[in-house]
Amino acid sequence: MKLSICHLYPDLLDLYGDRGNILALEARCRWRGIDTEIRRVSLGEDLDFTRADILFIGGGSDREQGILVEDLMRREDNLGKAIDNGLVVLSICGGYQMLGKYYQMMNGQRIEGLGILDVWTIGGEKRLIGNVVVNLDEETLGIPSSKIKSLVGFENHSGKTYLGEGLSPLGKVLSGHGNNGEDSGEGVRYLNVFGTYLHGPLLPKNPHFADLLLELALKRRGDDGYLNDLDDHLEVLAHQAMVTRLLKHG
Ligand code: GLN
């Protein structure tokens, strides 16, 4: 089996090493003997998302979001169909905002979003910036209790994202700001779509989260989703060190 991983707008949405998320997915598959095919797709290029297994969309500045919005909108039907059919999506910051209904910038101008996620984003005066620790909601994620229960990462956004009724955040912020700095929620899950503000990049810092995405993608293909353990002791040490430091010193 070959997993098809798609990186949308790698040239426009790649803040703070977001591309590292693709590298992490690819490496964790390779180490387990799972073949991958990485497709990079940008403005004017076509891709049928219904044939993809995992889609990654990174973060960018307001400027980049404005540049790509028209191109993104023409993908609405195809992407919507794929998502309804269980496509695994990881979207970070600007990419997360673009899957929502709209992003209203500080100057009042709106960048429309795809509206796939019932979330909306309002630009705030204060930038929400710094390292983040999130206590994952096991029910939302379906994570076995033996696995690490936190996410660590770095956020930098002025947009404050609010979730519609019926959507749950990925977890509760223990340190940092998260979706909007007000309700202590961070990120969102809808079907197999994950949105988060965590850069860093996210997946090398949170290998358990990378494996969750791979497991979901494999299961969707009819596989049992079993992933053999990898030697993650360095990643786990780094993860725990960050959690400890941030919870102690903020
Ligand atoms: N432009 C968005 C904001 O500042 C997203 C930034 C990002 O992707 N880091 O809210």
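Residues numbered from 1 in each chain as written. Predicted model: local features only at pLDDT ≥ 70, side-chain atom pairs only at ≥ 80, totals over all residues. Heavy atoms only, no water.

- In the annotation of an unreviewed UniProt entry, the protein chain is listed under the name Lipid II isoglutaminyl synthase (glutamine-hydrolyzing) subunit GatD and assigned to Desulfosporosinus orientis.
- We quote the UniProt Function (unreviewed entry) comment for the protein chain here in full: "The lipid II isoglutaminyl synthase complex catalyzes the formation of alpha-D-isoglutamine in the cell wall lipid II stem peptide. The GatD subunit catalyzes the hydrolysis of glutamine to glutamate and ammonia. The resulting ammonia molecule is channeled to the active site of MurT."
- The UniProt entry for the protein chain carries the following text under Subunit (unreviewed entry): "Forms a heterodimer with MurT." (UniProt positions renumbered as here; feature names shortened; annotations may be inferred.)

**Brief notes about the sheet that holds strand β3 (residues 54-57)**
- Reading across the sheet, the six strands line up as β2-β1-β3-β4-β12-β11 and stay open at both edges, with mixed pairing between neighbours. With partners counted over all chains shown, the strands left at the sheet margins are β2 (35-41) and β11 (188-190), one partner each. Between one strand axis and the next, the sheet turns through 15 degrees on average, direction left out of account.
- Note: strand β4 (residues 88-92) against strand β12 (residues 193-196), four bridges, orientation parallel. What sits directly across from I92, in β12, is T196. (Pairing = 2+ DSSP bridges. Helix = DSSP H or I, 4+ residues; strand = E, 2+ residues; numbered from the N terminus. Axes fitted to C-alpha atoms, helices over the stretch in contact; angles between N-to-C directions.)

**With respect to helix α7 (residues 207-220)**
- The end-to-end C-alpha separation of α7 is 20 Å, in line with the 20 Å expected for 14 residues at 1.5 Å each.
- In terms of burial, α7 is a largely internal element, eleven of the 14 residues being buried.
- Regarding α7, the residues found buried are P207, H208, F209, A210, D211, L212, L213, L214, L216, A217 and L218.
- Just past α7, the residue G222 takes up positive phi, approximately 95 degrees. (Expected span 1.5 Å × (residues − 1). Buried < 20%, exposed > 50% of the residue type's maximum accessible area, 1.4 Å probe, protein only.)

**Examining the site of the ligand**
- In the vicinity of the ligand, 16 residues are found, and the nearest of them are D62, Q65, C93, N156 and G159.
- The contact in question runs from an oxygen atom of the ligand to an N or O atom on the side chain of Q97, over 3.0 Å.
- Notes on the ligand: free accessible area 300 Å², of which the protein chains cover 97%.
- At the level of secondary structure, the elements contributing two or more residues to the shell around the ligand comprise α2 (62-73), α4 (94-99) and β8 (150-163).
- For the shell around the ligand, the per-class residue count stands at three nonpolar, eleven polar and two charged. (Near = heavy atom within 4 Å. Polar contact = N/O pair within 3.5 Å; in protein donor to acceptor, adjacent residues only side chain to side chain. Areas by Shrake-Rupley, 256 points an atom, 1.4 Å probe, with all protein chains shown as cover. Nonpolar A, V, L, I, M, F, W, Y, C, P; charged D, E, K, R; others polar.)

**Things to note about the UniProt feature "active site" (unreviewed entry) in the protein chain**
- With numbering aligned to this structure, UniProt lists the feature "active site" (unreviewed entry) at C93 and H199. Sequence-wise these annotated residues cover 107 residues; spatially they are packed, their C-alpha atoms never more than 7.7 Å apart.
- By the element assignment, C93 lies in the loop between β4 and α4.
- Taking the relative accessible area as the measure of exposure, C93 reaches 4% and is therefore buried.
- Residue contacts for C93: discarding those within four places in its chain leaves G59, N156, H157, T196, Y197 and H199.
- Within the secondary structure layout, H199 lies in the loop between β12 and α6 (202-205).
- In this structure, H199 is in contact with L15, Y16, D18, G59, I92, C93, G153 and F154, ignoring residues within four places of it in sequence. (Contact = heavy atoms within 4.5 Å.)

**Considerations on unusual backbone geometry**
- Cis peptide bonds are those with omega within 30 degrees of zero, and the linkage from G200 to P201 qualifies with -10 degrees.
- Tracing the chain through its elements places P201 in the loop between β12 and α6.
- Non-glycine residue S184 carries a positive phi angle of around 60 degrees.
- We note that L191 has phi near 50 degrees; this positive angle belongs to a residue other than glycine.
- Mapping L191 onto the fold places it in the loop between β11 and β12.
- The exposure class assigned to L191 is partly exposed, which follows from its relative accessible area of 41%.

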